[in-house]
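Now for the letters of each chain:
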Amino acid sequence: MPSYPPFFDASSLPVPFRHRIQPDLGGRDLVWHYTNSAGMIGILEHGEFWASSAMLLNDHSEIRIGTELVRDAFERSDLTLGQGASLLYNGWRIDATERNDKVLHTYVLSASKDGDSLSMWRGYGTGDVGYAIGLLGTLQPSSSTPIYGDIPQEWLPVEYDSNEQDRLIQELVAHVVELGSRIDLGVRDDERQMMLIETYREIERLICRIKDPAFRDEKETRVVFPAGISDGDFVRYRPSRFGITPYIGLRPFRTVLASGEISETRLPIVHIRIGPSPHQRQAELALMSLLDDKGYGDVYVDSTGAPFR
């Protein structure tokens, strides 16, 4: 069987072969978004992923841990911050102290660097079939926002090591100090406002990368959108086990097809792996049928080797 680049036109291939061709990634790595059957259907039917409010992540403590580490680092540096850097930090700190009273408008889509993780299968396959969706590309909000417009965000690895967490926080403090020094020298009001927004975004993005070492087996990576706003055209709401959950839709950012054409509707899905199931062959055939129906005939499909229990 010849090899093909990602996102090739599979319409001319016989149906049994369409989802059995492993694409040539050219040394690039996929990130893997884990979901269940309902999530898999929703992603393909709506043509988007959902990034949920960081306030309602599975591990309730992680936002608190990151917030406390960042706050402690800035307060230890208080004497060296300067007036401009203090202004930038305090703009975020005032917001952070109100987290329990309002929705945190930072949105997170999680994935893993491991496409066959037993711990992830346990989380997404209980009472259902789990799926790991292999992605090769970036995403952007489905609705344009005042802060992001059409700017995609890169996948950011979650940091579990305390030394690496501290290094990233110190880099952040240094960056805010540098921005603050420019304010101290004098900037226009609109420039100062953009620096406040940048500081808010960078602090929130880093907080969402910090996680307890106990979760290191997940090998998590995230795309983070710190919006800082509540906009009915931007934020949507869905039911979840946490109650009402704010989320934003994420669509593809200019997926480059094998033909060289640019698609702004084709999700960057390259590979889907099905989790442990007593009916894996049936699950594969049903998934292939759904992919064909939604225009993803080139996506490589296989199943985990992990046993079903």
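Please refer to the structure higher up on the page.
A brief look at the structure comes next. (Residues numbered from 1 in each chain as written. Predicted model: local features only at pLDDT ≥ 70, side-chain atom pairs only at ≥ 80, totals over all residues. Heavy atoms only, no water.)

Right, let's talk about the overall build of the protein chain for a bit. For the protein chain, the helix and strand inventory stands at eight helices and 13 strands. For the protein chain, buried positions account for 48% of its 309 residues. Excluding contacts between residues fewer than 6 apart, the proportion of contacts in the protein chain whose partners are at least 24 apart in sequence is 78%. Counting every atom, the protein chain has about 15,200 Å² of accessible surface; 50% of that belongs to carbon and sulfur. (Helix = DSSP H or I, 4+ residues; strand = E, 2+ residues; numbered from the N terminus. Buried < 20%, exposed > 50% of the residue type's maximum accessible area, 1.4 Å probe, protein only. Contact = heavy atoms within 4.5 Å. Areas by Shrake-Rupley, 256 points an atom, 1.4 Å probe, with all protein chains shown as cover.)

Applying the stated rule across the entire model yields four aromatic pairs. When the ring of Y34 is compared with that of W121, the centres are 5.0 Å apart and the planes differ by 70°; the resulting orientation is edge-to-face. You can see Y34 sitting in strand β1 (residues 31-35) and its partner W121 sitting in helix α5 (residues 118-124), a full 87 residues away along the chain. Feature note: the residues F74, Y89 and W92 constitute an aromatic cluster, connected by ring pairs. For the cation-ring pair, K211 lies above F215, with the distance from its terminal atom to the ring centre recorded as 5.0 Å. (Phe/Tyr/Trp six-rings, centres within 6.5 Å; stacked < 30°, edge-to-face > 60°. Lys NZ or Arg CZ within 6 Å of the ring centre and 35° of its normal.)

This part is about unusual backbone geometry. Unlike most non-glycine residues, K219 shows phi in positive territory, near 50°. Mapping K219 onto the fold places it in the loop between α7 (189-207) and β7 (220-226). With a relative accessible area of 43%, K219 lands in the partly exposed category.

When two helices pack together, you describe them by how their axes are tilted relative to each other and by the distance separating the axes. Helix α6 (residues 162-185) packs onto helix α3 (residues 61-76) with a crossing angle of 50° between their chain directions and a minimal axis gap of 10 Å. When the interaxial angle is binned, α3 and α6 end up oblique. For α3 against α6, the interelement crossing comes out right-handed. The residues of α6 that touch α3, namely those facing L69, V70, A73, F74 and R76, are Q165, D166, I169, Q170, L172, V173 and V176. (Axes fitted to C-alpha atoms, helices over the stretch in contact; angles between N-to-C directions. Parallel < 35°, antiparallel > 145°, perpendicular 65-115°, else oblique. Left-handed = near helix turned anticlockwise from the far one by under 90°.)

Turning our eyes to something else, we now look at the environment of L30. Residue placement: L30 occurs in the loop between α1 (15-18) and β1. Once the C-alpha coordinates of L30 and G137 are considered, the two residues, 107 residues apart in sequence, prove to be 8.5 Å apart. Beyond its immediate stretch of four places on either side in the chain, L30 contacts L25, G134, L135, L136, V270 and H271.

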